[in-house]
Number of protein chains: 2
Amino acid sequence: MTVIKEKYKEIANKKRLERDSKWNLDWLIPESNLPSREIKDVLNFIDSHSFLTPLEIEITNSSAIEIVTNIQKQKWKSLQVTLAFCHRASISHQLCNNLSEIFFDKAIETAKELDDYQLKNNGKTIGPLHGLPVSLKDNFNVKGQATTLGMVNFCFNPEKFEEDSVLVSMLRNLGAILYVKTNVPVAMMLPETKNHIWGVTLNPMNRLLSAGGSSGGEASLIKLKGSPLGIGSDIGGSIRIPSSFQNLYSLKPSFGRFPTFGTRSGLPGLESVNSVNGPIGNNLQDLKFFCESIINSEPWNYDPKIVELPWRNIKLPEKLNLAVLIDDGIIQPTPPIRRGMELVINKLKTAGHDIIEWEPINHYRLSTLITEFFTSDGGKHVLNETLEVNEPLFPYMSNYGNSKDLPVSKLWKLQNERTILIKQVLDNWIQTSKKTKNGKPIDAIIMPVTPFAGNPIDKFYNYVGYTSPFNLCDFSTGTFPVSRVDSNIDKKDLSRNEYYNDTDFNISQDYDPIESHGGGVSLQLICRRFQEEKVLKILEVLEKLIDYKD
Amino acid sequence: MTVIKEKYKEIANKKRLERDSKWNLDWLIPESNLPSREIKDVLNFIDSHSFLTPLEIEITNSSAIEIVTNIQKQKWKSLQVTLAFCHRASISHQLCNNLSEIFFDKAIETAKELDDYQLKNNGKTIGPLHGLPVSLKDNFNVKGQATTLGMVNFCFNPEKFEEDSVLVSMLRNLGAILYVKTNVPVAMMLPETKNHIWGVTLNPMNRLLSAGGSSGGEASLIKLKGSPLGIGSDIGGSIRIPSSFQNLYSLKPSFGRFPTFGTRSGLPGLESVNSVNGPIGNNLQDLKFFCESIINSEPWNYDPKIVELPWRNIKLPEKLNLAVLIDDGIIQPTPPIRRGMELVINKLKTAGHDIIEWEPINHYRLSTLITEFFTSDGGKHVLNETLEVNEPLFPYMSNYGNSKDLPVSKLWKLQNERTILIKQVLDNWIQTSKKTKNGKPIDAIIMPVTPFAGNPIDKFYNYVGYTSPFNLCDFSTGTFPVSRVDSNIDKKDLSRNEYYNDTDFNISQDYDPIESHGGGVSLQLICRRFQEEKVLKILEVLEKLIDYKD
């Protein structure tokens, strides 16, 4: 009996051992040299020690654009770059447990081939990403690798995928080097990163805090510069939440801009809301570089859901019309997030931009509706996979165990309701023209990503109401860093004595400035559908105004 | 008991009486002057009699562009134009029973307002469609009018809509005059036009033939020049089939190009395949005029599903790469359709275009899959509405009465299957580059719309396998006229003695050159997603080559 009940542990253990047999032991730090668990902030740990060579430190501290430029100029070889990132990713994993699959051997092979290509072609590179290591969230299928999605039954099922996801194969064709996949929560359906195969991923800004999810492995790895650029996915906030917890730049595009075909889904066939892929990085210019590289390769030729829409040069008005939302009226953000919003609003006003308030019309119903869509199959897909190996569901995933497999007639009603709700959000957007000084609608909304700055591990609240409504609207959004939690400034708000609901009360009470010190304070920028270019352009404006440094 | 059983007839009768009380009796022809039922071809009936004034004949024989130009030049008043079309639409209805709702009074009111506007503004018009009557398929909600969709329970439920559909309100803002809505089959879910409220719509090219469906009222009305331009909808072939039966030009765009919000759906909330709206007209230039007018008005500001994609000027290569499909291997087209295909292929080859064969990969499964989507709610929506008033289902709609309301888990599997199938169609398209002379993929596919040329009423086969796969692929398609059935040429194929299946056998056997004489022979042009500009541009090439006249 015990053996059967523990089946999932055996499988997970076997998978872990298999993965762990692949580490290059020369790259790992002895346990004794690792910072103790009490050391919360490990951002400078790698650079301040001599585990990496000076060249490796230089390479891994470079932007994606700098890396490809230096390879093009033949200052660095692809192999040097790849080894540097494989090395740094290994240590970053020791610090924060952010990797799932590793395939350094394949990466080194590819790097050598690319160097050969360049040598034989008088320095010409194979494509704009020639030699650039790119990290992938676990859901991307990579030929020869597994895709577990943090679900034990997927550990060896299949053991290896036969084909790359469309985006992966495009990245390869552009010259990118694939070397790691990164950790996710079970089925990628939670805003944190924890599962029974790989455990929990930590936030390197403060290891008491969650890395966020579901692209938590990506954000944690990128923050430690174990990757110059990574690709996440987002169906309710999964790019934005971890990016904001780790103070990174990110882009959640509209569905149909970047290829998703051939990725493994936690909820395959769900279309009432669509998962999208987007880049996460330490700097904004790299995101644009990724977008241009992919879209200039005409992804609509490889994924039937992609819209034939070239990457456009756009010009912003000198003064922007921006709507801001500090508090959605469901969960009030904790003090550091409110400070972040005020800081940005003040800077924007000083710079002469027109700031109005955003009315969060339908946000609450949209945020509950999306959860109904997620479990509209009765949680059957997730549940069946876990039951197969007796894998227990985490308590906060109980809705995947007790939902009803809805009849399609009911789904049609919910989809119809959603369309009406998002039409009202659009109307609300257009009607902001009545509130702005120049009589034009807003260019974007700025608001929190979550009501907390990197919530502590085990103080986890499944509230994604600041992000998920914009998945249903399919708006283009991005995140940008503003500040870090400072226990000296972001004191607990003792004056508040009325709360919207129990969760609001709990989040407010649980906030502990000392515990959260150093956590990320990032915000969200929301533009309309297919306005990815505009998101990045406005993020440039914000980057200059805020001038954030870790 | 009898009374209850006949409830639907009573309601339908009341609705008909109400509508019929709105005719302007001066515009109707005495019954005795109408052509007898034996007169099949009524295309020239109106112009060859003096029911209309010479000016009315001139106006109604003009293209949409000529009409707005003459109003702009103040040669014609909006009122004159409106009266002419109301008059002609009334007679066309007497000939072919193509209208559902009529609101001539409102149209006349609007026309007067527009004339006033122009007078007060030194001849300036209110928008590009100033004064242009536009007919609407019944599913468009028009403020103050009912939308029955050919379903008895919708006759007075609601009696009047409070709000225009988004496209309708955009048309109004551009200056269009709305005056009629046109007949559809029950719930718009059949490729013919027949229901218990308004009866069956006839094909003016040959009144023994079906007008096709579901936009059959539109096509019949436009063919008789009771409308200069009309808007249909298409979820499985509903724009293309009636347009082809009536030898009209039409455009079925990709979903997200033209607004659909606020239309009444036969299957509300269905999103596994999306219904789209598109223009139908007697000439190609008017379709482009409609597209530009709507898209230049930025429909993405009014409908959350519209992609922000301006109307683009595109340039075709001098020699096109075209794939052709004469026979899908499921139902062989009858002789006139095969002649149409051969005629077009020969002209294209002579003109130097590169012609290859299209392999109908996955067409059959796509055509059965779409039917599964249509009834994935167990036909519940349609069935409940009919049961409410004891309205019987037509025999060929029995699947709406006996399907299963699927669990969402099953729908997800079907949606996943569809995505994989359409990816294979896309791959097939891209790989045509291996077969073309210049090594580039095809620009478009040319193939039949249906295997028959306007099937005879009561010889109705629910086979939409030539059109519906492209709804699932969401490709941009259009139709163009090629010829008319000629009983002297399109003889029955007596040599054939092997058939793909029973339906194939029946269609082949039922074909009767004498009965079908004069019917439309049109074909379908298929481009990829969001290539509406390319569809119209290639249709221009075909129009010149074929030089079709009725």
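How each quantity is defined
Residues numbered from 1 in each chain as written. Chains lettered and ligands numbered in written order. Predicted model: local features only at pLDDT ≥ 70, side-chain atom pairs only at ≥ 80, totals over all residues. Helix = DSSP H or I, 4+ residues; strand = E, 2+ residues; numbered from the N terminus. Rg over C-alpha atoms; globule rule 2.2 N^0.38 Å. Buried ≥ 20, exposed ≤ 12 C-beta atoms within 10 Å, placed from the backbone. Contact = placed C-beta atoms within 7 Å. Axes fitted to C-alpha atoms, helices over the stretch in contact; angles between N-to-C directions. Parallel < 35°, antiparallel > 145°, perpendicular 65-115°, else oblique. Left-handed = near helix turned anticlockwise from the far one by under 90°. Nonpolar A, V, L, I, M, F, W, Y, C, P; charged D, E, K, R; others polar. Domains from an automatic or database assignment. Least-squares fit on C-alpha atoms with pLDDT ≥ 70 in both. Pairing = 2+ DSSP bridges. Core = buried A, V, L, I, M, F, W, Y, C linked by C-beta atoms within 7 Å.

S.K.: Can you tell me about the overall build of chain A, naming the residues and giving the values?
M.R.: In terms of regular secondary structure, chain A is built from 19 helices and 13 strands. A compact globule built from 550 residues would reach a C-alpha radius of gyration of about 24 Å, and chain A, at 22 Å, matches this within 12%. The dimensions of chain A, computed from C-alpha atoms along their principal axes, are 65 × 60 × 50 Å. Of all 550 residues assigned to chain A, the portion counted as buried reaches 57%. When contacts within chain A are restricted to residue pairs at least 6 apart in sequence, long-range pairs at least 24 apart make up 80% of them.

S.K.: Go over the packing of helix α10 (residues 284–295) of chain A against helix α19 (residues 532–546) of chain A, please, and point to the residues and values.
M.R.: All names here are of chain A. Relative to each other, α10 and α19 sit at 165 degrees, their axes nearing to 10 Å. Accordingly, the angle class assigned to the pair α10 and α19 is roughly antiparallel. For the pair α10 and α19, the crossing hand works out as left-handed. Packed against α10, whose contacting residues are Leu284, Leu287, Lys288 and Cys291, the element α19 presents Glu532, Leu536, Leu539, Glu540 and Glu543 at the interface. A per-class count over the contact of α10 with α19 returns 5 nonpolar, no polar and 4 charged.

S.K.: Which residues make up the interface of chain A and chain B, and what values go with them?
M.R.: Contacts between the two partners involve 32 residues from chain A and, on the opposite side, 32 residues from chain B. Looking at the side of chain A that touches chain B, the elements that each hand over two or more residues are α13 (380–388) and α15 (408–430) of chain A. Examining the composition of the side of chain A that touches chain B, we find that 11 residues originate from one element, α15 of chain A, more than from any other. Its residues assigned to classes, the side of chain A that touches chain B comprises 16 nonpolar, 8 polar and 8 charged.

S.K.: Any details on the domain arrangement of chain A? Residues and values, ideally.
M.R.: Residues and elements named next belong to chain A. Splitting chain A by domain gives domain 1 (2–237) and domain 2 (321–546). Measuring from the centre of the C-alpha atoms in domain 1 to the corresponding centre in domain 2 gives 28 Å. Each partner contributes to the interface: domain 1 provides 30 residues, whereas domain 2 provides 30 residues. Every element with two or more residues in the side of domain 1 that touches domain 2 is listed here: α1 (2–5) and α2 (7–20). Among the elements that take part in the side of domain 1 that touches domain 2, α2 stands out by supplying 3 residues, more than any other. Among the residues forming the side of domain 1 that touches domain 2, the class breakdown is 16 nonpolar, 8 polar and 6 charged.

S.K.: So what about the relation of the copies chain A and chain B? Which residues, and what values?
M.R.: Its rotation angle being 180 degrees, the transformation that places chain A on chain B also includes 0.0 Å of axial translation and leaves an RMSD of 0.0 Å. Between the two chains, the operation in question is that of a two-fold axis. Across chain A, the smallest distance between a C-alpha and the rotation axis is recorded for Pro407 of chain A, namely 2.3 Å. Looking at the interface residues of chain A, 100% of them are also at the interface in chain B, so both copies use one shared face.

S.K.: Mind laying out the sheet that holds strand β12 (residues 477–484) of chain A, listing which residues take part and the relevant values?
M.R.: Hydrogen bonds between backbone atoms are what pair the strands of a sheet, whose relative direction is either parallel or antiparallel. All names here are of chain A. The 11 strands lie next to each other as β1-β3-β2-β6-β8-β7-β12-β13-β11-β9-β10, forming an open sheet whose pairing is mixed. The open sheet is flanked by β1 (99–102) and β10 (354–357), the only strands paired with a single partner. Averaged over all pairs of adjacent strands, the angle between strand axes in this sheet comes to 30 degrees, irrespective of strand direction. Those strands touched by helix α7 (residues 166–173) are β2 (133–137), β3 (177–182), β6 (230–234) and β8 (276–281), and its axis lies near 145 degrees from that of β3.

S.K.: Describe the sheet that holds strand β1 (residues 99–102) of chain B, listing the residues and the values that go with them.
M.R.: All names here are of chain B. Sheet architecture is open: 11 strands sit in the order β1-β3-β2-β6-β8-β7-β12-β13-β11-β9-β10, paired in mixed fashion. Each edge of the open sheet carries a strand with a single partner, namely β1 and β10 (354–357). Neighbouring strand axes in the sheet, compared pairwise and without regard to direction, differ in orientation by 30 degrees on average. Its contacts with the sheet put helix α10 (residues 284–295) on β7 (249–252) and β8 (276–281), and the angle it makes with β8 is roughly 145 degrees.

S.K.: Tell me about the environment of Met170 of chain A, and please be specific about residues and values.
M.R.: Residue and element names in this part refer to chain A. For Met170, the location among the structural elements is in helix α7. Considering only alpha carbons, one finds Met170 and Leu114, 56 residues apart in sequence, at a separation of 16 Å. If we skip the residues at most four places from it in the chain, Met170 touches Pro259, Ile294, Ser297, Pro299 and Tyr302.

S.K.: Account for the pairing of strand β11 (residues 444–448) of chain A, naming residues and giving values.
M.R.: Residues and elements named next belong to chain A. In terms of residue burial, β11 counts as a mostly covered element, since 5 of its 5 residues are buried. Note that strand β9 (residues 321–324) and β11 share 3 bridges and pair parallel. Its bridge partner lying in β11, Ala323 is registered against Ile445. Here β11 pairs with strand β13 (residues 520–526) via 4 bridges, running antiparallel. Its bridge partner being in β13, Ile446 is matched across the sheet by Leu525.

S.K.: How would you summarise the nonpolar core if you had to cite specific residues and measurements?
M.R.: Most often, soluble globular proteins keep nonpolar side chains buried together rather than apart. In terms of nonpolar packing, the biggest core is built from 302 residues, with Leu178, Tyr179 and Leu525 of chain A together with Leu178, Tyr179 and Leu525 of chain B touching the most fellow members. When residues in this core are grouped by element, the largest group, 10 residues, is from helix α5 (residues 78–96) of chain B. Excluding anything up to four places from it in sequence, Tyr179 of chain A contacts Thr82, Phe85, Cys86, Ala89, Phe103, Phe104, Ala107 and Pro133 of chain A.

S.K.: Describe in detail the pairing of β13 of chain A, supporting the description with residues and values.
M.R.: Residues and elements named next belong to chain A. Of all 7 residues making up β13, 7 are buried, and the element is well covered by its neighbours. The side-chain alternation of β13 yields two buried faces, one formed by Gly520, Ser522, Gln524 and Ile526 and the other by Val521, Leu523 and Leu525. In this structure, β12 lies alongside β13, joined through 7 bridges in antiparallel fashion. If you follow Arg484 over to β13, its bridge partner there is Gly520.

S.K.: Describe helix α7 (residues 166–173) of chain B, and please don't skip the residues or the numbers.
M.R.: Residue and element names in this part refer to chain B. Listed in full, the buried residues belonging to α7 are Val166, Leu167, Val168, Met170 and Leu171. Buried residues along α7 sit against β2 (133–137), β3 (177–182), β6 (230–234), β8 and α10. Of the residues flanking the end of α7, it is Gly175, one or two places downstream, whose phi is positive at about 105 degrees.

S.K.: Quick rundown of helix α8 (residues 216–223) of chain B? Include the residues and the values.
M.R.: All names here are of chain B. Most of α8 sits out of view: 8 of its 8 residues are buried. Restricting attention to buried positions, one finds in α8 the residues Gly216, Gly217, Glu218, Ala219, Ser220, Leu221, Ile222 and Lys223. Positive phi shows up at Lys225, right after α8, with a value of about 60 degrees.

S.K.: Which residues make up the environment of Gln415 of chain B, and what are the values?
M.R.: As for its position among the elements, Gln415 of chain B is in helix α15 (residues 408–430). Given 21 C-beta atoms within a 10 Å radius, Gln415 of chain B is considered buried. Setting aside residues up to four positions removed in sequence, Gln415 of chain B forms contacts with Gly269 and Glu271 of chain A together with Ser272 of chain B.

S.K.: I'd love a proper account of unusual backbone geometry, names of residues and values included.
M.R.: The peptide bond linking Asn157 of chain A to Pro158 of chain A adopts the cis configuration, its omega dihedral lying at 0 degrees. Here Pro158 of chain A lies in the loop between β2 and α7. Following Gly213 of chain B, the chain continues to Ser214 of chain B via a peptide bond in cis, the omega torsion being 5 degrees. The phi angle at Met188 of chain B is positive, at roughly 65 degrees, despite the residue not being glycine. Along the polypeptide, Met188 of chain B turns up in the loop between β3 and β4 (194–195). A tally of 29 C-beta atoms within 10 Å means that Met188 of chain B is categorised as buried.

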